[in-house]
Protein chains: 2
Amino acid sequence: MAGKPTLAVIGATGAVGAVMLQILSQHKDIWGDIRLVSSPRPAGRKLVVRGEVCEVIPLSEEALTGVDVALFLVPAEVSARWAPIAAAKGAVVVDSSAAFRLDADVPLVVPEVNPHAARIRPRGIVASPHDTTLALIPAIGALHAEFGLRELVVASYQAASGAGREAVSALRDQLSLVAGTELGTGPGDVRRAVGDRAEPFPAPLALNVVPWSGTLQDGGWSSEELGLRDETRKILGLPRLRVAATFVRVPVVTTHSLAVHARFENEVTVERAHEILATSPGVVLYDDPAAGDFPTPADVVGTDPTWVGRVRRSPDDPCALDLFVCGDNLRKGAALNSAQIAEAIAAELPF
Amino acid sequence: MAGKPTLAVIGATGAVGAVMLQILSQHKDIWGDIRLVSSPRPAGRKLVVRGEVCEVIPLSEEALTGVDVALFLVPAEVSARWAPIAAAKGAVVVDSSAAFRLDADVPLVVPEVNPHAARIRPRGIVASPHDTTLALIPAIGALHAEFGLRELVVASYQAASGAGREAVSALRDQLSLVAGTELGTGPGDVRRAVGDRAEPFPAPLALNVVPWSGTLQDGGWSSEELGLRDETRKILGLPRLRVAATFVRVPVVTTHSLAVHARFENEVTVERAHEILATSPGVVLYDDPAAGDFPTPADVVGTDPTWVGRVRRSPDDPCALDLFVCGDNLRKGAALNSAQIAEAIAAELPF
Ligand SMILES: NC(=O)c1ccc[n+]([C@@H]2O[C@H](COP(=O)([O-])OP(=O)(O)OC[C@H]3O[C@@H](n4cnc5c(N)ncnc54)[C@H](OP(=O)(O)O)[C@@H]3O)[C@@H](O)[C@H]2O)c1
Ligand SMILES: NC(=O)c1ccc[n+]([C@@H]2O[C@H](COP(=O)([O-])OP(=O)(O)OC[C@H]3O[C@@H](n4cnc5c(N)ncnc54)[C@H](OP(=O)(O)O)[C@@H]3O)[C@@H](O)[C@H]2O)c1
């Protein structure tokens, strides 16, 4: 065939969708038609991709007909229903939601770490990991290859946009309410000022941190905390890896950070860890506290790689490293990883 | 003697000092004279304590003469110089700075956990721990007594006021600069907008988190991260406790939070941990995520106890608990703990 593959972007109007359109405009243009798809709700929306204005069409069987690769950037329940339909119509689906990540017949792919997994896709679906997993894996996967990972203890500093575009508006609203005030010094004063504008967060996020995201699972764990464990095990092929995570939302717009304590089979040194991280694809080593060099979300947002700093050997355990990583949850954490998977798949399609 | 002990509050004009004056006005009034002391800089300041207006006097040998208990709420270098002078003049010093915390001849006291340590004070000085240590110890000390603590992995979410009153102004300024804007989406946009108003933080704090506080030590560790380890070991009498901490500043005014992974000698259960925490002095158990009950700084600020929630047994380790704790860094984290120590000392003075 002489043409180029047709791409459908389902969820083009969302937070991840917006970044996907940027990426499609910036990356090498390997696509034929690009269809922008969203919910049927506000009809007639137009968006720009590859410098051209495109009409957004509603999700339907027709919208998924004749598609070669379908990027699903929609809520999990929408993916659960529509991704199998797209696959049945012959598209390869790359899904960024939680719907299929732990399905044994769906590969979960981080191209820097397990690219070949994307080739075996019995359901015609490839899943992209959770944004928090994606902030972790490029760095920890590289260290695992050298030292042999045994255990992870992770605390997250998750940005608002990880919960979608409405969560960003909520944070910005809340910040406007508290800026220029003396709030944040008496019990509940921020909560009273913010009122029901806390939503979609379970507590105000401005001048606060909120130790909850996801749904409640057994033992008090959240679905997202357990998801980090299960996804990391699946991607690294370590079914018995110990993982304990505490997920906390912070008043940052975009870019998740993680404080990571990683215990390995073998002794580690900071020097060797630096060498590995400095040469790993998708990772930037930024670690010179004497010069003020450590990653922060404000510096990392809008960039592709995972940034790693504060690399330390644990004072009481020669096999453990502590580090701080930052990754843009909309780029590598969602749109970029899905685009990378889709591009690799397209390269193997018979065009 | 019929009188009451004379108290000096050195650093009455600071962030901790302001809360100390509230506490002295609210607690049982056991003091005779209360002297308010600060730097010599702006003379003639007046503050209210116990409902009365008091003149603030500059720190001098004279200001420390005839004092029974001296509360030092000043930078560590000021304590290092002046606390021994106060002690030589006969005062019992309670110091909230880092100057003496790890001195073998100075007890480091959390009244709920090691009250008797305050009685043996060869230098006439008792130290109060770092605010982060104080957020941790009431809860972890109680769990240690039951299960036997072996290892801690801690990630902090530290409030601006932990760095003093100027840090709070800086955060509020920065919030006013970013509120109502679309900042926080491009690399460095917040940094450019905030410019040198980032100070005293090493990076902007509004719409950001900053993985650094303290001074650089060997191996890339910060003084505060190692301080948590050394202070916890000293207070709990566990010289070989393993501790790995990552300290991160967040855009919260007051109240530090910690994500804690604690490994014990014995198997744990959430039920037993709940019983212990619910009955420990200085601790509030607030742990029902189904009802939205977990501590956040916005709800905890201005209260005395350490709040504990998100108590979970590690999915892969029956001897480990994960929890999230919040404590007001100016109250229990500084002024309240110092006041409690001072009150216990005063009760044993020959008045
Ligand atoms: N945000 C992140 O950092 C991140 C990271 C990794 C993975 N993810 C996952 O990516 C997905 C999208 O997240 P997001 O943050 O972009 O969410 P979002 O900002 O809320 O956007 C949701 C998108 O889904 C579309 N949509 C909603 N219901 C639909 C329906 N019934 N049929 C068709 N389209 C529908 C919306 O279209 P309308 O405009 O028509 O409503 C919008 O385009 C989610 O599964 C999320 O878990 C997100
Ligand atoms: N903030 C916390 O959460 C916290 C928690 C635990 C422990 N601490 C420790 O408590 C101490 C005070 O902290 P802070 O947060 O209250 O700091 P702060 O807000 O910066 O206040 C500093 C205080 O020290 C006084 N001071 C400074 N230089 C002095 C000098 N040369 N002589 C006499 N007084 C001097 C200041 O008086 P002027 O008004 O005259 O400048 C002011 O009262 C520090 O050692 C800190 O590490 C703080």
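Here the residue index of a chain counts from 1 through its sequence in written order. Whichever chain is written first becomes A and whichever ligand is written first becomes 1, with later ones labelled in order. It should be noted that, the model being predicted, local features are given only for residues of pLDDT at least 70 and side-chain atom pairs only at 80 or more, the latter also being counted only at that level, while totals for whole chains, interfaces and linings use all residues. Side-chain numbers come from the whole structure's heavy atoms, not from hydrogens or water.

## Examining the sheet that holds strand β4 (residues 52–58) of chain A
Residue and element names in this part refer to chain A.
And then number 1: A sheet is described by the order of its strands in space; here seven strands give the open sequence β3-β4-β2-β1-β5-β6-β7, paired in mixed fashion. The sheet is open, and its two edges are formed by β3 (46–49) and β7 (125–127), each paired on a single side. This sheet shows a mean twist of 30° between the axes of neighbouring strands, independent of strand direction.
And then number 2: Strands pair, by our definition, only if DSSP identifies at least two bridges between them. Counting from the N terminus, the helices are DSSP H or I runs at least four residues long and the strands are E runs at least two residues long. With four bridges connecting them, β3 and β4 associate as antiparallel partners. For Leu-47, the partnering residue across the bridge sits in β4 and is Cys-54.
And then number 3: Two residues qualify as a contact provided that any one of their heavy atoms is within 4.5 Å of a heavy atom in the partner residue. Only the stretch in contact is used when a helix axis is fitted, and all axes are lines through C-alpha atoms; the angle between N-to-C directions ranges over 0 to 180 degrees. Packing against the sheet, helix α1 (residues 15–26) makes contact with β1 (7–10), β2 (34–38), β3 and β5 (69–72), and its axis sits at approximately 35° to β3.
And then number 4: Against the sheet, helix α2 (residues 76–88) engages β5, β6 (92–95) and β7, with an angle of about 175° to β5.

## Focus: the interface of chain B and chain A
And then number 1: Contacts between the two partners involve 75 residues from chain B and, on the opposite side, 76 residues from chain A.
And then number 2: Two parts placed together each lose some accessible area; with a 1.4 Å probe, that loss summed over both constitutes the buried area. When chain B packs against chain A, close to 5,700 Å² is buried across both sides, 60% of that on carbon and sulfur atoms.
And then number 3: Here Arg-191 of chain B and Asp-299 of chain A are joined by a salt bridge, their closest N and O atoms 2.7 Å apart.
And then number 4: Polar contact is defined as a pair of N or O atoms within 3.5 Å, subject to the rule that within protein one atom must be able to donate a hydrogen and the other to accept it, and that residues adjacent in sequence are counted only when both atoms are side-chain atoms. Here chain B is connected to chain A by 38 residue pairs in polar contact (both at pLDDT 80 or more). Salt bridge criterion: a side-chain nitrogen from Lys or Arg within 4 Å of a carboxyl oxygen from Asp or Glu.

## Description of the packing of aromatic side chains
And then number 1: To pair, rings of Phe, Tyr and Trp, with the six-membered ring standing in for Trp, must have centres within 6.5 Å; the planes then decide the type, stacked if under 30 degrees apart, edge-to-face if over 60, and tilted in the middle. Per the counting criterion, the structure on display carries nine aromatic pairs over all chains.
And then number 2: Between Phe-294 of chain A and Trp-212 of chain B, the ring centres sit 6.3 Å apart and the planes meet at 10°, which makes this aromatic pair stacked. Separated into two different chains, Phe-294 of chain A in the loop between β11 (283–285) and α8 (297–300) and Trp-212 of chain B in the loop between α5 (189–194) and α6 (223–236) make up a pair that spans both.
And then number 3: Given a relative accessible area of 10%, Trp-212 of chain B falls into the buried group. Relative accessibility decides the category of a residue: with a 1.4 Å probe and only protein chains considered, values under 20% of the type maximum give buried, values over 50% give exposed, and everything between is partly exposed.

## Here's the deal with the packing of helix α3 (residues 131–147) of chain A against helix α9 (residues 331–348) of chain A
Residue and element names in this part refer to chain A.
And then number 1: The geometry of α3 relative to α9 is characterised by a closest axis approach of 8 Å and an angle of 85° between their N-to-C directions. Judged by the inter-axis angle, α3 sits roughly perpendicular to α9. On α9, the residues touching Asp-131, Leu-134 and Pro-138 of α3 are Lys-332, Gly-333, Ala-334 and Asn-337.
And then number 2: All amino acids are sorted into three groups, where Ala, Val, Leu, Ile, Met, Phe, Trp, Tyr, Cys and Pro are nonpolar, Asp, Glu, Lys and Arg are charged, and the leftover types, Gly among them, are polar. Considered class by class, the residues forming the contact of α3 with α9 number three nonpolar, two polar and two charged. Working definition: roughly parallel below 35 degrees, roughly antiparallel above 145 degrees, roughly perpendicular at 65 to 115 degrees, and oblique for all remaining angles.

## Overview of the UniProt feature "domain: Semialdehyde dehydrogenase NAD-binding" (unreviewed entry) in chain A
And then number 1: Summarizing the sequence annotation, UniProt attributes the feature "domain: Semialdehyde dehydrogenase NAD-binding" (unreviewed entry) to residues 6–121 of chain A in the numbering used throughout.
And then number 2: Between the end C-alpha atoms of residues 6–121 of chain A the distance is 19 Å, and the span holds 22% helix and 24% strand. UniProt positions are given in the numbering used here, feature names are shortened, and annotations may be inferred rather than shown by experiment.

## Concerning the sheet that holds strand β12 (residues 306–313) of chain B
Residues and elements named next belong to chain B.
And then number 1: The strand order across the open sheet formed by six strands is β9-β8-β10-β13-β12-β11, and the pairing between neighbours is mixed. Among the strands making up the open sheet, the edge pair consists of β9 (242–246) and β11 (283–285). Strand-to-strand twist across the sheet, computed as the mean angle between neighbouring axes with direction ignored, equals 25°.
And then number 2: Strand direction decides the pairing type here: strand β10 (residues 256–264) and strand β13 (residues 320–327), joined by eight bridges, are antiparallel.

## Overview of the relation of the copies chain B and chain A
And then number 1: After a rotation of 180° and a shift along the axis of 0.0 Å, chain B superposes on chain A with an RMSD of 0.0 Å. The superposition operator between the copies reduces to a two-fold rotation axis.
And then number 2: With an isologous cut-off of 70% or more, the 100% of interface residues of chain B that recur at the interface of chain A puts this contact in the isologous class. What sets the superposition is a least-squares fit of C-alpha atoms, and only residues with pLDDT of at least 70 in both copies go into it.

## A word on the domain arrangement of chain A
Residues and elements named next belong to chain A.
And then number 1: Boundaries of every domain are those given by an automatic assignment or by a domain database. Each assigned domain of chain A is listed with its residue range as follows: domain 1 (7–129 + 334–348) and domain 2 (133–329).
And then number 2: Each of domain 1 and domain 2 has a C-alpha centre, and these two points are 25 Å apart.
And then number 3: Domain 1 puts 18 residues into the contact, and the matching count from domain 2 is 15 residues.
And then number 4: Of all residues in domain 1, Leu-102, Glu-112 and Val-113 bury the most surface against domain 2, accounting for 30% of the area lost on that side.
And then number 5: For the pair domain 1 and domain 2, the interface holds one salt bridge.
And then number 6: The salt bridge partner of Glu-231 is Arg-101, with a shortest N-O separation of 3.4 Å.
And then number 7: Along the contact surface separating domain 1 from domain 2 lie six residue pairs in polar contact (both at pLDDT 80 or more).
And then number 8: Ranked by residue count, the leading element in the side of domain 1 that touches domain 2 is α9, at three residues.
And then number 9: By residue class, the composition of the side of domain 1 that touches domain 2 is 10 nonpolar, five polar and three charged.

## Here's the deal with the site of ligand 2
Residue and element names in this part refer to chain B.
And then number 1: Residues in close proximity to ligand 2 total 28 residues, the closest being Thr-13, Ser-39, Arg-45, Val-74 and Ser-161.
And then number 2: Thr-13 has a polar side-chain atom sitting 2.4 Å from an oxygen atom of ligand 2.
And then number 3: In this structure, Ser-39 approaches ligand 2 through a side-chain N or O atom, which is 2.5 Å from an oxygen atom.
And then number 4: When residues of the shell around ligand 2 are traced back to their parent elements, those giving at least two are α1 (15–26), α2 (76–88) and α9 (331–348).
And then number 5: Residues belonging to the shell around ligand 2 are distributed by class as follows: 11 nonpolar, 12 polar and five charged. Note on terminology: near, applied to a residue and a molecule or strand, indicates that one of the residue's heavy atoms is within 4 Å of it.

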